[in-house]
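Listed below are the residues making up each chain.
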There are 2 protein chains.
Amino acid sequence: MKGKATSFDIAYRAGVSQATVSRALRGSPLVNEETRRRIEAIARELHYTVDKNASNLRRQRSGTLALLLFEDPTSDGSLINPFFLSMLGAITRASARQGHDLLISFQQLSHDWHADYHDSHKADGLILLGYGDYLASRGKLERLEEQGTPFVRWGAVDDGQPGIAIGCDNAGGGRAITEHLLRLGRRRIAFLGDASPHCPEFLDRYRGHCAALAAAGQTSDQALQIDAADSTEEVGYTATLGLLDAGTAFDAIFAASDLLAIGAMRALGERGRRVPDEIAVVGFDDIPLARLASPPLTTLLQDTKIAGEMLVDTLLRQIRGETVHNQVLPAQLVIRRSCGTGRAAEDGPPDPAA
Amino acid sequence: MKGKATSFDIAYRAGVSQATVSRALRGSPLVNEETRRRIEAIARELHYTVDKNASNLRRQRSGTLALLLFEDPTSDGSLINPFFLSMLGAITRASARQGHDLLISFQQLSHDWHADYHDSHKADGLILLGYGDYLASRGKLERLEEQGTPFVRWGAVDDGQPGIAIGCDNAGGGRAITEHLLRLGRRRIAFLGDASPHCPEFLDRYRGHCAALAAAGQTSDQALQIDAADSTEEVGYTATLGLLDAGTAFDAIFAASDLLAIGAMRALGERGRRVPDEIAVVGFDDIPLARLASPPLTTLLQDTKIAGEMLVDTLLRQIRGETVHNQVLPAQLVIRRSCGTGRAAEDGPPDPAA
DNA sequence: CTGAAAGCGCTTACAG
DNA sequence: CTGAAAGCGCTTACAG
């Protein structure tokens with residue numbers, strides 16, 4: 001009977017009806033305590049577990065959430081932005097804690113994922129994760145909403161996209177970074193990252209950056225905003241080489257993501273520009289690598305644990321029919337060595353390798 | 001009818017029986033071509049998808065695999081060894097390619113995961129992933145086998161554990177590393193990593209190391225084998241400080257994982273020991289960070305893409321009732337700067353920051 | 001507190 | 001090639 005016992009087997013041995021077994025095992029208060037104990041003992045003995053397919057079919061739910069990661073299609077087979085991996089871990093844990101299974105899948109924005117998971121009762125709701133071109137995905141999100149599929153997405157909040165979004169305070173974070181750099185005496189801050197509606201999170205970070213400049217009475221120099229389509233180390237490296245080649249003077253780089261920042265530091269290192277003495281570098285995300293970079297990278301911490309819990313919690317409430325709202329999570333400046341200490345530039349010792 | 005159409009709705013509109021709809025949509029060759037086309041058109045129009053719970057219940061399968069990650073319980077909430085994340089990505093893709101959904105879950109070895117996924121028909125089989133104490137998990141694996149649960153695990157092969165294992169050639173990899181270091185003139189090679197049956201993968205790497213030493217007519221010095229219980233940067237850092245404090249002379253470190261190696265390099269850097277000029281460092285895994293470390297880390301590449309495909313493929317064949325076998329995948333030496341170039345030590349320039 | 005019965009939405013022998 | 005019917009293993013009104 002290995003792994004095959006049904007509620008009928010238990011009912012037979014316990015001398016009760018199958019219905020009573022089901023009630024007892026689901027914790028119904030209707031069942032006599034002694035009966036319940038007997039049933040539970042037999043269930044344990046037989047290694048019984050409720051058949052999820054039968055249970056779900058009957059209850060018209062799945063007890064499962066689906067996490068859809070939208071990855072950059074250009075990226076290598078196995079590489080994912082570590083930030084999303086961190087989110088993945090947090091979401092997996094939060095989901096388990098709430099008693100839900102988690103399906104995971106990588107999707108291209110172009111595919112037909114939107115009509116699958118919910119209609120087929122594979123999942124009760126979707127979590128959408130990943131930098132993608134938000135303009136391109138709008139149609140799919142609208143269809144999800146039309147179909148009544150519960151979903152939440154991580155990303156820019158209040159950007160007019162359909163559905164519930166949870167994200168960090170990108171504008172506030174961008175402002176905090178630039179304020180910090182200004183405080184340290186940096187005046188020519190390059191912004192590395194796509195500042196367009198295609199990438200609203202980066203755009204918000206850029207807006208925060210510009211707001212801080214404006215508050216300090218400075219204007220933003222167009223020549224210092226470098227588009228970086230993808231958020232990868234390689235792109236950050238290439239973009240920074242381009243910036244150096246263009247000959248524009250700058251004393252700091254605000255990279256819209258840690259991966260871009262790490263690539264920027266590699267380019268600077270190769271060209272013999274010292275970080276932070278000549279050029280301060282700041283990232284965004286606080287991926288594990290940021291702490292290990294050389295020099296360790298100043299960045300903005302997005303708390304993925306809280307984010308994951310928030311995403312799962314909001315989605316489950318939506319599934320239950322409650323009214324849910326967008327939410328903005330604070331981001332916290334983590335100061336390490338890559339931004340310098342505010343002393344006069346050019347006189348610090350070079351950083352030893354980490 | 002949003003997301004609620006059933007095969008009966010389609011049958012009604014198509015003027016056929018529900019059974020024919022089911023056949024047509026499952027691609028049965030019994031159905032008339034014209035009938036099939038009509039049914040498919042209506043299904044599309046109604047946004048119909050087969051209810052997985054009903055289908056699975058009837059077919060007594062789930063079309064789902066479960067990936068269980070056994071994490072180091074001491075690790076931080078969201079951190080996972082990047083190597084396993086890379087495996088996770090590869091497994092997710094391979095699983096999708098084979099038309100299976102993937103459930104993901106983090107498990108403590110102590111929990112009762114073994115009796116859950118298969119019995120409840122949540123998954124047709126399990127993939128087990130993660131450094132864990134293999135001696136401690138033996139009982140669970142035995143029970144899985146007893147229950148007839150199909151499962152494969154990534155790890156040491158032929159270590160006498162129950163079930164099918166797929167892993168890389170740890171002994172061969174360890175030998176390759178040490179041979180390379182010897183070729184470069186290193187003579188006192190410290191091995192960083194738990195060399196005990198609790199951690200058979202590391203043990204195999206150590207054995208390969210010792211085999212290479214023996215082949216070169218050297219004996220392994222016990223003082224140069226440092227246990228490192230967990231595979232984390234922090235542990236590598238601490239262990240290396242300990243090694244330095246012990247005063248044992250050494251000119252190379254063979255770390256059993258990249259994370260350990262990166263921690264080792266940090267410790268060496270802090271103590272002013274130059275890598276690779278004074279001390280060569282080599283890791284194992286080729287995580288993305290290895291390439292970005294400073295200096296870039298020489299390591300052994302485990303091809304996670306192939307590994308993921310192999311795991312999924314083997315598990316599916318096992319589920320289908322085929323006989324499957326353990327498999328060893330080759331590991332490939334990736335030479336970067338951390339091991340030096342074989343020129344005399346002490347005369348190289350210090351490495352610029354990456 | 002318990003049981004008999006209906007039904008969730010499919011798949012698949014069986015009969016034609 | 002198609003249909004009528006059984007049944008996968010549960011959950012839950014309904015009746016007692």
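Just so it is clear, the model here is predicted, and its values are computed rather than measured.

**Focus: the protein's contact with DNA strand D**
Then, in step 1: Contacts to DNA strand D come from 27 residues, most closely from Ser-7, Gln-18, Ser-22 and Arg-58 of chain A together with Arg-23 of chain B.
Then, in step 2: Each atom of DNA strand D within 4 Å of the protein was classed as base or backbone; sugar and phosphate made up 60%.
Then, in step 3: At a separation of 2.9 Å, a phosphate oxygen of DNA strand D approaches a polar side-chain atom of Arg-26 of chain A.
Then, in step 4: Within the side chain of Thr-20 of chain B, one N or O atom sits 2.7 Å away from a phosphate oxygen of DNA strand D.
Then, in step 5: If you list the elements that add at least two residues to the surface near DNA strand D, you get α2 (18-25) and α4 (52-59) of chain A together with α2 (18-25) and α4 (52-59) of chain B.
Then, in step 6: Residue classes in the surface near DNA strand D are distributed as ten nonpolar, ten polar and seven charged.

**Structural notes on the interface of chain A and chain B**
Then, in step 1: Taken together, the contact between chain A and chain B spans 54 residues of the former and 54 residues of the latter.
Then, in step 2: Surface buried jointly by chain A and chain B totals about 4,700 Å² across both partners, of which 57% is contributed by carbon and sulfur atoms.
Then, in step 3: Across the chain A-chain B interface, the total number found is two salt bridges.
Then, in step 4: The partner of Asp-101 of chain B in a salt bridge is Lys-122 of chain A, with the nearest N and O atoms 3.1 Å apart.
Then, in step 5: The interface formed by chain A and chain B includes seven residue pairs in polar contact (both at pLDDT 80 or more).
Then, in step 6: With seven residues, helix α5 (residues 82-97) of chain A is the single largest residue contributor to the side of chain A that touches chain B.
Then, in step 7: The class makeup of the residues in the side of chain A that touches chain B is 21 nonpolar, 18 polar and 15 charged.

**Thoughts on empty space enclosed by the protein**
Then, in step 1: Evaluation of the coordinates by the stated rule reveals eight cavities of 30 Å³ or more.
Then, in step 2: Of the volumes computed, that of the largest cavity is approximately 220 Å³.
Then, in step 3: Lining the largest cavity are 18 residues; nearest its centre among them are Asn-53, Thr-64 and Lys-122 of chain A together with Thr-64 and Lys-122 of chain B.
Then, in step 4: Within the residue set of the lining of the largest cavity, elements represented by two or more residues are α4 and β2 (101-107) of chain A together with α4 and β2 (101-107) of chain B.

**Things to note about the relation of the copies chain A and chain B**
Then, in step 1: Superposition record for chain A on chain B: RMSD 0.1 Å, screw rotation 180°, translation along axis 0.0 Å. What the rotation and shift describe, once combined, is the action of a two-fold rotation axis.
Then, in step 2: With an isologous cut-off of 70% or more, the 100% of interface residues of chain A that recur at the interface of chain B puts this contact in the isologous class.

Criteria and thresholds
Residues numbered from 1 in each chain as written. Chains lettered and ligands numbered in written order. Predicted model: local features only at pLDDT ≥ 70, side-chain atom pairs only at ≥ 80, totals over all residues. Heavy atoms only, no water. Near = heavy atom within 4 Å. Polar contact = N/O pair within 3.5 Å; in protein donor to acceptor, adjacent residues only side chain to side chain. Helix = DSSP H or I, 4+ residues; strand = E, 2+ residues; numbered from the N terminus. Nonpolar A, V, L, I, M, F, W, Y, C, P; charged D, E, K, R; others polar. Contact = heavy atoms within 4.5 Å. Buried area = accessible area lost by both parts, 1.4 Å probe. Salt bridge = Lys/Arg side-chain N within 4 Å of Asp/Glu carboxyl O. 1 Å grid on protein atoms, 1.4 Å probe; cavity = no way out; pocket = protein on both sides within 12 Å on 5 of 7 lines; lining within 4 Å. Points joined across faces, edges and corners; volume = space filled by probe spheres on them. Least-squares fit on C-alpha atoms with pLDDT ≥ 70 in both.

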